[in-house]
Amino acid sequence: MLQIGFEMIDTFAESVGIQMNLVNFKAIMGQGFVDDLPVILAMPQTYMNLSGESSGPLAAYYKLPLNRVLVVHDDMQLPCGVLRLQEKGGHGCHNGLKSVMNHFRGNREFARLRIGIGKPPGQMDPKAFLLQKFSMGARERMDKALAEGVDALKLVLSKDFGESWRLFNVEQKYKHLRQHTVIAA
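Residues numbered from 1 in each chain as written. Predicted model: local features only at pLDDT ≥ 70, side-chain atom pairs only at ≥ 80, totals over all residues. Heavy atoms only, no water.

Before going further, it helps to spend a moment on the packing of aromatic side chains. Think of a pair of aromatic rings as described by two things: how far the centres are apart, and how the planes are tilted against each other in angle. Counting across every chain of the model gives three aromatic pairs. Judged by centre distance (6.2 Å) and plane angle (55°), the rings of Phe25 and Tyr62 are tilted. You can see Phe25 sitting in the loop between strand E1 (22-24) and strand E2 (27-34) and its partner Tyr62 sitting in the loop between helix H2 (52-61) and strand E4 (70-75), a full 37 residues away along the chain. According to the relative accessible area criterion, Tyr62 is partly exposed, its value standing at 28%. Summarising the aromatic geometry, the rings of Tyr61 and Tyr62 are spaced 5.0 Å apart at their centres and angled 85° between planes, so their arrangement reads as edge-to-face. (Phe/Tyr/Trp six-rings, centres within 6.5 Å; stacked < 30°, edge-to-face > 60°. Helix = DSSP H or I, 4+ residues; strand = E, 2+ residues; numbered from the N terminus. Buried < 20%, exposed > 50% of the residue type's maximum accessible area, 1.4 Å probe, protein only.)

What follows concerns the environment of Leu58. The topology assignment puts Leu58 in helix H2. Taking relative accessible area as the criterion, Leu58 reaches 8% and is therefore assigned buried. Between the alpha carbons of Leu58 and Ala42 there is a distance of 8.8 Å; along the sequence they are 16 residues apart. With residues near it in sequence (within four places) discarded, Leu58 still touches Phe25, Met29, Ile40, Ala42 and Leu64. (Contact = heavy atoms within 4.5 Å.)

Looking now at the nonpolar core. Membership of the largest hydrophobic core comes to 34 residues, with the highest contact counts inside it found for Met8, Phe12 and Leu41. Elements supplying a minimum of two residues to this core: helix H1 (4-16), strand E3 (37-44), strand E5 (83-86), strand E6 (111-116), helix H4 (126-131), helix H5 (136-158) and helix H6 (161-172). If one sorts the elements of this core by residue count, H5 sits on top with nine residues. If we ignore the near neighbours within four places in the chain, the residues touching Met8 are Val72, Leu113, Ile115, Leu146, Gly149, Val150 and Leu153. Core analysis: the next-biggest nonpolar cluster, separate from the first, contains nine residues, Ala59, Leu66, Leu97 and Val100 among them. (Core = buried A, V, L, I, M, F, W, Y, C linked by side-chain atoms within 4.5 Å.)

Remember that the coordinates give geometry; whether it matters functionally is a separate question.
Dropping the structure here:
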């Protein structure tokens, strides 16, 4: 579960033909084009809680305005397999996002693709939950979510972000309820 953001980057990179074969800024990186748009993909190799040590210098080096940055991350507040595009926001107690914001000088004006992993069952320690493997059912939902995430990222690259997140999030809004209906059937 720990690497679901990396899985999303790898899946997207493969779908658009970008090789993740560079190492710089404490990250495994890939550069290429989606249609005619230049794209830089990065997977920080720091501890997750220190992701900003990679993303901050990378954005600064390439002089990327934060409205051209999108961070992919797991989110326990969303049901497993549900995605949300978010134009900006807080860290939501996510230590990796706290680090990114700190290295963006406190700025929160960057987009996110949040990947729901659900909440730990019962009294399970959240850290232990994050380190365990997905159950078979959760893995199936995640595989579908990864495919949907590729579509979301392509949509963001092809349209205005505001239009993209509205179109995408409406589709995702009741997805977890449909999943429970299918499971209960």
